[in-house]
Amino acid sequence: MSWEYLLLFVALPIVIVAVIVATLASRRRAPAGRLTRFESFATSLVGAGAMLAALLSAVSLVSNAVVTFTYDPSIVTDMPYTSGELAPPVLDGSDVVIASGFSSAWIEVAGLPMSSRWLFYIELALPSLATFAISAAVWWLALALLRERPFTRALPNLLGIAAISIMVGGMGSQLAGAFARTSVVEYLGVQQLTGHDGVNPPGGFAYLALNLDASPIGWALSLALVAAAFQIGVRLQRETDLLV
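Procedures and definitions
- Residues numbered from 1 in each chain as written.
- Predicted model: local features only at pLDDT ≥ 70, side-chain atom pairs only at ≥ 80, totals over all residues.
- Heavy atoms only, no water.
- Helix = DSSP H or I, 4+ residues; strand = E, 2+ residues; numbered from the N terminus.
- Buried < 20%, exposed > 50% of the residue type's maximum accessible area, 1.4 Å probe, protein only.
- Contact = heavy atoms within 4.5 Å.
- Areas by Shrake-Rupley, 256 points an atom, 1.4 Å probe, with all protein chains shown as cover.
- Patch = residues over 30% accessible without salt bridge, like charges linked within 9 Å, V, L, I, M, F, W, Y side chains within 5 Å.
- Salt bridge = Lys/Arg side-chain N within 4 Å of Asp/Glu carboxyl O.
- Pairing = 2+ DSSP bridges.
- Axes fitted to C-alpha atoms, helices over the stretch in contact; angles between N-to-C directions.
- Parallel < 35°, antiparallel > 145°, perpendicular 65-115°, else oblique.
- Left-handed = near helix turned anticlockwise from the far one by under 90°.
- Nonpolar A, V, L, I, M, F, W, Y, C, P; charged D, E, K, R; others polar.
- Expected span 1.5 Å × (residues − 1).
- Phe/Tyr/Trp six-rings, centres within 6.5 Å; stacked < 30°, edge-to-face > 60°.

(A) Examining the overall build of the protein more closely. Helix and strand content of the protein: six helices and three strands. When the elements of the protein are put in sequence order from the N terminus, they spell out α-α-β-β-α-α-α-β-α. Residues classed as buried in the protein amount to 31% of the 244 residues present. Long-range pairs, those at least 24 residues apart, make up 80% of the contacts in the protein between residues at least 6 apart in sequence. Working note: accessible area of the protein is about 15200 Å², and carbon and sulfur atoms make up 68% of it.

Have a look at this one:
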């Protein structure tokens, strides 16, 4: 990816949206503003980046749906595959390579069932939805900072939704991907693809391969604590406003 592409399609839109956000927010800012111009622009830049990320996530949801449900044949990637053969062939002449093999493969399948397509789409859609939720929360926080009112009632709710979306998106995407590839094995024939037919030695595609990464749970819990902290801030700000 060239720097001209990054400047034209990433940096320039973020700067333009940042200027628009700063202009709109400056009209609604509380009278006793405390942010400097640099802080306002930096916050606007973050908010603009969040808006762009949310837009790209929405576009990704639509484009992935078009590819997943309309293209035929379907290309299935990251199919777990085990083989005792040396791979790739360019390593045959090496004296230091003791053994090698394929751990995954891609296949092109015609007439993939709709249930499998839905699983593959869920695998792609859940992370995009999580990105959209996080981007919305960041954009809302940036706008609240620009208005000098960071502790709003809606922000803890948005952060809570983002925390749930991170957990569901991270874990659900892994589960959906694993079961989607299992459905492909079932569609093409379990014995034929896995090699467990009682005659040939074991070797082929795995029926079910699932290596769960629990990091989304940790990120979700961390963000939930941030949401709780903002909820306390909302309550304190409400009490302060009542005293004033």
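(B) Main features of a nonpolar patch on the surface. Nonpolar side chains collect at one region of the surface, where Leu175, Phe179, Val190, Tyr207, Leu208, Leu210 and Leu212 lie side by side and expose about 590 Å² of accessible area between them. Within the secondary structure layout, Leu175 lies in helix α4 (residues 154-188). Judged by relative accessible area, which is 34%, Leu175 ranks as partly exposed.

(C) Structural view of the pairing of strand β1 (residues 74-82). Bridging between β1 and strand β2 (residues 104-109) involves five bridges; their strand directions are antiparallel. By the bridge assignment, Val76 is partnered in β2 with Ile107. Direction of pairing for β1 relative to strand β3 (residues 204-205): antiparallel, over a ladder of two bridges. The residue of β3 that forms the bridge with Tyr81 is Phe205.

(D) Expanded view of the environment of Leu129. Mapped onto the elements of the fold, Leu129 is located in helix α3 (residues 114-146). Classification of Leu129 as partly exposed rests on a relative accessible area of 42%. C-alpha separation for the pair Leu129 and Ser60, spaced 69 residues apart in sequence, amounts to 9.6 Å.

(E) Fine view of the packing of α3 against α4. Viewed as axis vectors pointing N to C, α3 and α4 meet at an angle of 165 degrees, and their least axial separation amounts to 7 Å. Here α3 is positioned roughly antiparallel relative to α4, judged by the angle of their axes. In the crossing of α3 with α4, the sense of the turn from one axis to the other is left-handed. Of the residues that constitute the contact of α3 with α4, the class distribution is 23 nonpolar, seven polar and two charged.

(F) Expanded view of helix α2 (residues 37-70). With 34 residues, α2 extends 49 Å from end C-alpha to end C-alpha; this agrees with the ideal 50 Å at 1.5 Å per step. Turning to α2, its buried residues are Ser40, Thr43, Ser44, Gly47, Ala48, Ala50, Leu52, Ala54, Ser57, Leu61, Asn64 and Thr68.

(G) Inspection of the sheet that holds β2 at higher detail. Spatially, β2-β1-β3 is the arrangement adopted by the three strands of the open sheet, whose pairing is antiparallel. The strands lining the two open edges of the sheet, one partner per strand, are β2 and β3. Seen against the sheet, α4 touches β1, β2 and β3 and runs at an angle of roughly 90 degrees to β1.

(H) Here's a closer look at the environment of Leu45. Along the chain, Leu45 falls in helix α2. The sequence separation of Leu45 and Ala142 amounts to 97 residues, and the corresponding C-alpha distance is 8.9 Å.

(I) Representation of unusual backbone geometry within the structure. Put simply, Asp72 and Pro73 share a cis peptide bond, and its omega is 5 degrees. Position of Pro73 among the secondary structure elements: in the loop between α2 and β1. Notably, Asp78 is not glycine yet its phi reads approximately 60 degrees, a positive angle. One can find Asp78 in strand β1. Residue Asp78 is classed as exposed on the basis of its relative accessible area, which comes to 52%.

(J) Structural context of the packing of aromatic side chains. In total, this model carries five aromatic pairs according to the counting rule given. Residues Tyr81 and Phe205 carry aromatic rings whose centres are separated by 5.0 Å and whose planes lie at 65 degrees to one another, so their mutual orientation is edge-to-face. Of this pair, Tyr81 sits in strand β1 while Phe205 sits in strand β3, and the two are 124 residues apart along the sequence. Aromatic ring contacts, followed pair by pair, group Phe69, Trp118 and Tyr121 into a single cluster.

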